[in-house]
Amino acid sequence: MRLLHTSDWHLGRAFHRVNMLSAQAAFIGHLVDTVRAHHVDAVVVSGDVYDRAVPPLAAVELFDDALHRLAALGVPTVMISGNHDSARRLGVGAGLLDRAGIHLRTAPAECGTPVLLADAHGEVAFYGLPYLEPALVKDEFGVARAGHESVLAAAMDRVRADLAARAPGTRSVVLAHAFVTGGEPSDSERDITVGGVAAVPAAVFDGVDYVALGHLHGSQTLTGRVRYSGSPLPYSFSEATHRKSMWLIDLDAGGEVTAERLYCPVERPLARLRGTLEDLLADPELTRHEEAWVEATLTDPVRPADPMARLTGRFPHTLTLVFDPDRPPDDPDVSYARRLAGRDDQQIAEDFVAHVRGAGPDARERTVLRDAFDAVRADESVREVAR
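Residues numbered from 1 in each chain as written. Predicted model: local features only at pLDDT ≥ 70, side-chain atom pairs only at ≥ 80, totals over all residues. Heavy atoms only, no water.

Caption draft 1: Here's a closer look at the overall build of the chain. When helices and strands are counted, the chain shows eleven helices and 19 strands. At 23 Å, the chain has a C-alpha radius of gyration in line with the 21 Å of a compact globule built from 387 residues. Taken along the three principal axes of its C-alpha coordinates, the chain extends 70 × 55 × 40 Å. Within the chain, the fraction of its 387 residues that count as buried is 49%. In the chain, the proportion of contacts linking residues at least 24 apart, taken out of those at least 6 apart, comes to 68%. On the chain, roughly 18000 Å² of surface is accessible, and the fraction owed to carbon and sulfur atoms is 53%. A distance of 2 Å separates the average location of the 40 positive side-chain charges in the chain from that of its 56 negative side-chain charges. (Helix = DSSP H or I, 4+ residues; strand = E, 2+ residues; numbered from the N terminus. Rg over C-alpha atoms; globule rule 2.2 N^0.38 Å. Buried < 20%, exposed > 50% of the residue type's maximum accessible area, 1.4 Å probe, protein only. Contact = heavy atoms within 4.5 Å. Areas by Shrake-Rupley, 256 points an atom, 1.4 Å probe, with all protein chains shown as cover. Lys, Arg positive; Asp, Glu negative; His and termini not counted. Charge placed at Lys NZ, Arg CZ, Asp CG, Glu CD.)

So, in structure tokens, the structure goes:
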């Protein structure tokens, strides 16, 4: 069986205030063309179909168009919700869409109930594990403490139990939306840390033939059977070095996996430039970036006059401008933002405690802070879905 693995469409998302809808529509067209050209048997979409729980109408219309075009090909599509999606909204009409070959799996309780597709060698069971927010699903899975590894392990126990009850030789594919150990994040993914831990080990998924992951935006191979497709478009300048792609997966009669990376169209490349303003304006080596989306970091010791206007004279698609003067780290003029760079909310809070009372939090206090951040994020998830 030949699968096309994609994820993280983020329909409705902008790139530094630039509307991406035309580029997203071009990707949908490319996806449909790829399904047809490569004789794909099933499409798997591993979450974050939309960029937010209540997407704009134009994004919903594009999603509707994608579903109609995929259904018209007669190629089944299996799709899960991600941490940006509203699982309940995305899952509306799932029963009816099943009849058109569009299989939406958004309910945690259905993790162990597969979509069954068949080829000449028998059945392939597709198990959809939507994004599992630990605080919201721990009761469903009967785990004592909310954590990514515990809820995913419980979900996979259901998968393996169902698979064990099926005919010998039944092949299996799991769709999951999670941060798996060994994956390389970028700046455009929403933090899903719970209890100080964001990642789960790949071994959680042992026992199935292929794991189609979503959440991280770079295409990555964790093992021969566990892969991230990455997002089809860049959503932050941290993705400037990414080659956006999808995985074409061949699953043979014995469940062995062969993978081919298929690249997505590039509407406009990204470039991260750093240097003094005069150097950026004069360097002939930068000519190749003149039509790219540009993030420029200026290292001038004194902020130059009209930097954006001068930069856009050469790089008309400059989107962000950062000032980072070359100064020693202990310089008192180093910006607050620079001192906080790379530090998460927990670390910043602990530093604040140390600043105001002269000593950092002890183990018990760190746990209190961590639980508070987890509770706030879980509450935000509930509020976003309830809008």
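Caption draft 2: Just the sheet that holds strand S18 (residues 293-298), in detail. The three strands are arranged S17-S18-S19 in an open sheet whose pairing can be described as parallel. This sheet does not close on itself; its edge strands, each paired only once, are strand S17 (270-275) and strand S19 (318-323). Taking the axes of each pair of neighbouring strands and ignoring which way they run, one obtains an average angle of 15° across the sheet. Across five bridges, the pairing between S18 and S19 is parallel. (Pairing = 2+ DSSP bridges. Axes fitted to C-alpha atoms, helices over the stretch in contact; angles between N-to-C directions.)

Caption draft 3: Main features of the sheet that holds strand S16 (residues 257-263). The mixed open sheet is built from six strands, whose spatial order is S6-S5-S4-S1-S15-S16. What marks the edges here is a single partner per strand, and that holds for strand S6 (102-105) and S16. In this sheet, neighbouring strand axes are inclined to one another by 20° on average, regardless of whether the strands run parallel or antiparallel. Where strand S1 (residues 2-6) lies against strand S15 (residues 245-251), four bridges are found, and the strand directions are antiparallel. Along S15, the bridge assignment pairs Arg2 with Asp250. Lying over the sheet, helix H1 (residues 21-37) contacts S1, strand S4 (42-46), S15 and S16, oriented at roughly 165° with respect to S1.

Caption draft 4: Geometry of the packing of aromatic side chains. A full pass over the atoms with the stated rule returns three aromatic pairs. Measuring from centroid to centroid gives 5.3 Å for Tyr50 and Phe63, while their planes differ by 65°, and the two rings are edge-to-face. Placement of Tyr50 in the loop between S4 and helix H2 (57-73) and of Phe63 in helix H2 is noted, with a sequence separation of 13 residues between them. The burial state of Tyr50 is the same as that of Phe63; both residues are buried. Geometry around Tyr263 places Arg243 over its ring, the cationic atom sitting 3.9 Å from the centre. One Lys or Arg, Arg303, reaches over the ring of Phe323 and ends 3.7 Å from the middle of that ring. (Phe/Tyr/Trp six-rings, centres within 6.5 Å; stacked < 30°, edge-to-face > 60°. Lys NZ or Arg CZ within 6 Å of the ring centre and 35° of its normal.)

Caption draft 5: Local environment of empty space enclosed by the protein. Overall, the coordinates contain two cavities of 30 Å³ or more when judged by the stated rule. For the largest cavity, the calculated volume is near 70 Å³. As for the largest cavity, its lining consists of Leu129, Pro130, Tyr131, Leu132, His148, Val151, Leu152, His177, Ala178, Phe179, Ile192 and Ala198. With three residues, the single largest contributor to the lining of the largest cavity is helix H6 (residues 148-164). Grouping the amino acids of the lining of the largest cavity by side-chain chemistry returns ten nonpolar, two polar and no charged. If you add up the space inside the second largest cavity, you get close to 40 Å³. Every residue along the wall of the second largest cavity is listed here: Tyr50, Arg52, Ala53, Pro55, Asp85, Ser86, Arg89 and Leu90. (1 Å grid on protein atoms, 1.4 Å probe; cavity = no way out; pocket = protein on both sides within 12 Å on 5 of 7 lines; lining within 4 Å. Points joined across faces, edges and corners; volume = space filled by probe spheres on them. Nonpolar A, V, L, I, M, F, W, Y, C, P; charged D, E, K, R; others polar.)

Caption draft 6: Quick look at the pattern of salt bridges. In this structure the tally under the stated criterion is 19 salt bridges. Asp119 is the partner of Arg171 in a salt bridge, and the nearest nitrogen-oxygen pair spans 2.6 Å. With Arg171 in strand S9 (residues 171-177) and Asp119 in strand S7 (residues 115-119), this residue pair connects regions lying 52 residues apart in the sequence. Exposure remark for Arg171: the relative accessible area of 1% places this residue in the buried category. Taking the relative accessible area as the measure of exposure, Asp119 reaches 21% and is therefore partly exposed. The partner of Glu278 in a salt bridge is Arg310, and the shortest N-O contact between them spans 2.4 Å. Of the two residues, Glu278 is situated in helix H7 (residues 277-282) and Arg310 in helix H8 (residues 307-314); the sequence distance between them amounts to 32 residues. Relative accessible area serves as the criterion here: at 45%, Glu278 is assigned to the partly exposed category. Among the residues examined, Arg310 registers a relative accessible area of 32% and is labelled partly exposed. Each of Asp209, Arg225 and Glu256 takes part in a single network of salt bridges with overlapping partners. (Salt bridge = Lys/Arg side-chain N within 4 Å of Asp/Glu carboxyl O.)

Caption draft 7: View of helix H5 (residues 134-141). The complete set of buried residues in H5 reads Pro134, Val137 and Phe141. Seen from one end, H5 has its buried residues packed into an arc of 85°, which puts them on one side. On its buried face, H5 is in contact with H6. After H5 finishes, the residue Gly142 shows a positive phi value of roughly 65°. (Arc of directions from axis to C-beta.)

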